[in-house]
Amino acid sequence: MSTWQARVRAPRECVVLMSGENQAIPTEDGETGLLIWDYHVTMPMPASTFTLAAGHWREATAELPAATERGVPGRMECGEAAKPGTGPGVGTEAVSRPGSSTSQVVKGSVLQTGSGGPTVRSDSAFCHSCLEDGGHTVTDYSSMVDGSISCSHGDYPCRFTEQSAWSQRVVSHRVFAPVSLLQKAQKEILALLPRCLAAAHATLGVHPFPRLDVLIVPAGFCSMGMASPHIVFLSQSVLPAGGPGCGGRSLCGSNLCHELAHSWFGLAIGARDWTEEWISEGFATYLEDIIWARAQQLSPQETVDRSNLKALLRWRRLSAELQNSDEELQILRPNMDNTGRVGESGSSVVKHALKPEKAFMQVHYLKGYFLLKFLASEVGEQQFIDFFRLFVKKYHGQLILSKDFLQMLLITFPDVMRKGLTLNAIYADWLDRPGIPKWLYERSAVWSQARLVEEVKAEVVKWILLSQRQGKGRKRKRAEPKVNYREVTSDQLVLLLELLLEEAELSVTTLWTLQRTYNLQKQDAEVRQCWCELVVKHGYSQGYVDVEHFLVHDQAMGVYLYGELMIQENRKQQALARRCLSLVQEEMDQSARRVVEEMVL
């Protein structure tokens, strides 16, 4: 565990972002003309969480209503939120020049940023207090004072002991992006961030860190997102592609909420044994749905419906991954009873860490997520979230093992132990064995019959019938009857394409109609990935331009697609894979590049 401080010198046109409690205000080096950026951290963190980003980013800034920044204890009535079209800075978007306290207008009027302090915006029609629960089923942990559960970590200035932090729903935040993506970052990330921060606070309590920078990283970044203290990287793939009739915010919002959840699980609370990645990724995957639903202010029924659809999609991905991976890589606690033990030198071994395929597996995200859903079903969902807040209060600032969380859960809810749920049973069913637990098989049958899923199945039938009527090469003798297709959400569209992917044949006309009906090339990256898989499977040459665009601009998601292009033994597809690799190989993440080169070259 380490604290750090750093001084970075960079050209005037660059912006330097780093893990640091302070928002660095650059000063000029009189000798070199470079700008100097100073950052520091007083909260001990694993050295691996240290993050530094320097580049030609531009900052998007806007104002936050005073009512949100005050952090006044108690609930704020919805009527106290700024009304649409009122208040300073509403509808204004600006870009700050690096090292300057003034602003260059992008659209709207200029926002004065004063001495360079953070100015942030909340959606003017959004009331943060609406995210607060009317009451907790078991205990209202938000009223706990420091004496209820004392900090168990080492001595450092801790936000959990600061009364002013308890009601600070939205911490100071900034958004940075390359100039080419700045408008999208302003429209999407800046609009969503206050909502998601407030929703995360309503779910988990005190924000562990006093500020946050969000940076949209280049296409070559190796993942969809990465959270570090005070800074989050988001892939440009999470930004909506745009276009009429296209939603696209779901992927952006859910990924943002996933990374925000890491502030609590992954950073403020970390895994003592790095083989237990599920403590970070499984928790963030589970929490992203809850935080995102609250950020959207969904009704209870809408929340359940979307949760069931998400669960089915994740079940399908987990099932596919477990069918095509080594069993030893499917275990969430591979060191079993030796988990957390270190050698005499203080070092430990991360099992399977050098296996290249592990970096592209999602088992610790998905199986960990399903374990938490199982536990929530045992104790009650709201009680489970209340327990998360209690656990965070006790273990923030510490590194933990799976057993720390599970033992505290079983002590807090003794009824589940009386029903036969024990620590060893959880280990045996979920953490120490490969494969899929019985509970998950049974629950997947329920998810597959959920309302939003049944809507998708009905649409899939329409597309299959259309393809069968048209047939490949069949002459059209009369006009086809008009088919009305239901409007679907992004997640529903992903499932629809996945189900169509299971069909042995789809006619060219069907693929053309499918693309036009849903404007697929303008949907979010997850939808476009499924569309590209359909294009490759059926050799739909008119869609090859979409495949190329995806592999060039959505590199974090495209590794698997290279393999699909190569195994089809289609010369045009193989040439497409090689051409795309040649276009991006210089900017591609090195580990991803090695895997792709093995497939393509």
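Residues numbered from 1 in each chain as written. Predicted model: local features only at pLDDT ≥ 70, side-chain atom pairs only at ≥ 80, totals over all residues. Heavy atoms only, no water.

Asks: Looking at this structure, how should I read helix α4 (residues 249-261)?
Replies: Residues lying three or four places apart along an α-helix face the same way, a consequence of the helix completing one turn every 3.6 residues. With 13 residues, α4 should reach 18 Å at 1.5 Å per residue; the first-to-last C-alpha distance of 18 Å fits that figure. The buried fraction of α4 amounts to 11 of the 13 residues, a majority that puts the element mostly inside the structure. Among the residues of α4, L251, C252, G253, S254, N255, L256, C257, H258, E259, L260 and A261 are the ones counted as buried. (Helix = DSSP H or I, 4+ residues; strand = E, 2+ residues; numbered from the N terminus. Expected span 1.5 Å × (residues − 1). Buried < 20%, exposed > 50% of the residue type's maximum accessible area, 1.4 Å probe, protein only.)

Asks: How do you make sense of the packing of aromatic side chains when you look at a structure like this?
Replies: Aromatic rings considered in pairs are described by the distance between their centres and by the relative angle of their planes. Under the criterion given, the structure shown has 28 aromatic pairs. Arranged with centres 5.5 Å apart and planes meeting at 75°, the rings of W315 and Y441 form a pair that is edge-to-face. Note that W315 is positioned in helix α6 (residues 300-323) and Y441 in helix α12 (residues 438-447), a separation of 126 residues in sequence. On the basis of relative accessible area, Y441 is assigned to the partly exposed category, the value being 48%. The side chain of R333 reaches across the aromatic face of Y427, ending 3.6 Å from its centre. Taking the ring centre of Y395 as reference, the NZ or CZ of K394 above it sits at 5.6 Å. (Phe/Tyr/Trp six-rings, centres within 6.5 Å; stacked < 30°, edge-to-face > 60°. Lys NZ or Arg CZ within 6 Å of the ring centre and 35° of its normal.)

Asks: Explanation requested: the pattern of salt bridges in the structure shown.
Replies: Proximity of charged atoms lets side chains of opposite charge pair with each other. Under the counting rule described, the total for this entry stands at 23 salt bridges. A salt bridge links D554 to R528; the shortest N-O distance between them is 2.8 Å. Here the residue D554 occupies a position in the loop between α17 (544-553) and α18 (559-567), and R528 occupies one in helix α16 (residues 525-537), the gap between them amounting to 26 residues. Measuring nitrogen to oxygen at the nearest pair gives 2.9 Å for the salt bridge that ties E597 to R593. Placement of the pair is E597 and R593 together in helix α20 (residues 590-600), with a separation of four residues, close to one helical turn. (Salt bridge = Lys/Arg side-chain N within 4 Å of Asp/Glu carboxyl O.)

Asks: I'm lost on the confidence of the model for the protein chain in this one. Help?
Replies: In the predicted model, the protein chain carries a mean pLDDT of 82, and 79% of its residues have values of at least 70. Note that residues 63-147 has pLDDT below 50 and, in this model, 175 contacts with residues that lie over four places away or in other chains. (pLDDT = per-residue confidence, 0-100. Contact = heavy atoms within 4.5 Å.)

Asks: For this particular structure, what's the right way to read the side chain of Q515?
Replies: Among the structural elements, Q515 can be located in helix α15 (residues 508-518). We classify Q515 as buried; its relative accessible area is 12%. Look past the residues within four positions of Q515 in its chain and what remains in contact with it is L520, Q521, W531, Y540 and D546.

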